[in-house]
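Per-entry structural report
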Amino acid sequence: MSMDLQDRYLRTGIFLAPFHALGENPTLAIERDMELVEHLDRLNYHEAWIGEHHSGGFEIIACPEMFLAAAAQRTRNIRLGTGVVSLPYHHPFTLASRMMQLDHMARGRAMFGVGPGALIYDADKIGLKAADQRRRMNESLDCIMPLMRGETVTQKTDWYTLNEARLQLMPFSPNGMEMAVACSRSPVGAVASGKHGIGMLSIGGTSDDALKAHAGNWAIHEEAAAKAGKKSDRSKWRIVTFAHVAETREKARADMAYGLKDFCRYFTDVATFPIIPPGVTDPVEFLTTSGVACIGTPDDCIRHFERLWLGSNGGFGAVLLLAHNWADWESTKRSYELMARYVHPHFQRQSNALRVASYDNATAKHATAGAESAQAVQAEIDRYSQAKEKAAGKAAS
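Below is a summary of the structure that appears in this document.

Conventions used here
- Residues numbered from 1 in each chain as written.
- Predicted model: local features only at pLDDT ≥ 70, side-chain atom pairs only at ≥ 80, totals over all residues.
- Heavy atoms only, no water.
- Core = buried A, V, L, I, M, F, W, Y, C linked by side-chain atoms within 4.5 Å.
- Buried < 20%, exposed > 50% of the residue type's maximum accessible area, 1.4 Å probe, protein only.
- Helix = DSSP H or I, 4+ residues; strand = E, 2+ residues; numbered from the N terminus.
- Contact = heavy atoms within 4.5 Å.
- Polar contact = N/O pair within 3.5 Å; in protein donor to acceptor, adjacent residues only side chain to side chain.
- Axes fitted to C-alpha atoms, helices over the stretch in contact; angles between N-to-C directions.
- Parallel < 35°, antiparallel > 145°, perpendicular 65-115°, else oblique.
- Left-handed = near helix turned anticlockwise from the far one by under 90°.
- Nonpolar A, V, L, I, M, F, W, Y, C, P; charged D, E, K, R; others polar.

Among the nonpolar cores identified, the biggest contains 72 residues, and Phe 112, Leu 141, Met 148, Tyr 336 and Met 339 are the most heavily contacted of them. Per-element tally for this core: the top contributor is helix 5 (residues 130-148), with seven residues. Beyond its immediate sequence surroundings of up to four residues, Met 148 is in contact with Ala 96, Met 99, Met 100, Phe 112, Leu 167, Pro 171, Met 177 and Met 179. If you look at the next biggest cluster of nonpolar residues, it comprises 34 residues, including Phe 19, Phe 242, Met 256 and Phe 267.

Put into structure tokens, the structure is as follows:
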């Protein structure tokens with residue numbers, strides 16, 4: 001079922017790996033990540049998803065639930081999710097137990113995002129074959145779902161054992177902790193999220209081809225949900241994209257001189273897939289023309305988000321900005337602020353529509369209402385003057 005544009009409320013947030021250049025102080029980099037989440041909380045962003053990585057030197061948060069527990073103490077409203085926990089790296093019982101604790105510490109603001117693990121170097125370091133990662137993700141999720149409902153699970157696989165395992169805590173919220181599965185190129189995440197009736201996190205770019213793949217995966221999600229007797233909900237579908245905005249396109253593009261080169265080098269040398277194909281001489285031009293990113297003004301960002309909405313074939317629930325550090329810290333904060341002030345209202349039930357209507361109504365009545373007001377004021381002045389003259393006449397007589 002598609003979403004009506006008049007009722008459309010597109011939540012906003014970030015997907016924070018994070019990405020930090022090798023020359024930076026890692027302690028201060030992690031602190032700045034925390035400050036970013038605090039900044040977004042003040043700007044009324046809805047969600048922050050934090051990744052788990054153990055290799056490569058750029059993505060330096062290894063334990064997202066630890067980061068989120070600290071963030072819960074330093075924020076008020078923003079929801080905090082693991083984006084994502086790599087299920088094959090953890091015993092499902094102890095992971096579910098940690099996440100349930102986080103749910104209580106965050107007073108129901110925590111979200112549980114899962115995936116198979118993206119960095120092949122992480123899996124290699126613990127002797128995990130790439131061919132086993134998705135199978136293990138599914139096996140783990142099949143255990144975690146009933147555990148999070150308070151059920152008892154007994155199961156033995158080639159990599160974990162559960163003997164009448166049951167968590168000590170029930171979820172903080174009556175409806176339980178919200179969960180989602182990362183979904184990129186393969187349909188594994190779409191099938192798993194549909195089977196369990198939970199959300200889907202679409203990553204892997206927003207080019208035209210990528211959007212077609214995302215929409216195709218959502219269709220797979222719906223099919224898997226129907227097969228399992230679950231209800232699919234587009235509001236639980238999140239799409240990850242890139243954006244950086246400034247007051248002018250020239251300023252936004254100039255901001256890229258700070259960190260885009262390091263980011264592109266990392267995705268060429270280390271990460272699973274390159275953001276910029278070999279031979280591209282103008283990365284900014286490629287990113288913007290291909291639809292992978294918006295680098296421009298708030299109006300450009302509105303058009304970019306509208307393109308994502310159209311490409312989803314029926315709408316989705318939240319747009320997540322992949323936090324990239326392409327610009328310096330002050331320009332980065334300004335970008336998020338400009339989007340909150342001038343982009344988000346357009347996608348949140350046209351939240352300025354009634355203000356505009358009220359302004360237009362007042363403008364239409366300005367000439368006549370102004371004249372009537374002036375006449376009323378003058379009438380009171382005349383009435384007062386006449387009364388005063390009458391009283392003075394009486395006193396003289």
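Before going further, it helps to examine the environment of Arg 303. Following the sequence through the fold, Arg 303 ends up in helix 11 (residues 298-311). A sequence separation of 40 residues divides Arg 303 from Val 343, and the C-alpha atoms of the two residues are 9.5 Å apart. A polar side-chain atom of Arg 303 sits 2.4 Å from a polar atom in the side chain of Asp 300.

With that settled, the discussion passes to the packing of helix 1 (residues 26-42) against helix 12 (residues 329-347). For the pair helix 1 and helix 12, the least separation of the axes is 10 Å and the interaxial angle reads 25°. It follows that helix 1 is roughly parallel to helix 12 by the angle criterion. Helix 12 is crossed by helix 1, and the crossing has right-handed handedness. Along its contact with helix 1, which presents Arg 32, Glu 35, Leu 36, His 39 and Leu 40, the element helix 12 presents Trp 329, Lys 333 and Tyr 336. Classifying every residue of the contact of helix 1 with helix 12 gives four nonpolar, one polar and three charged.

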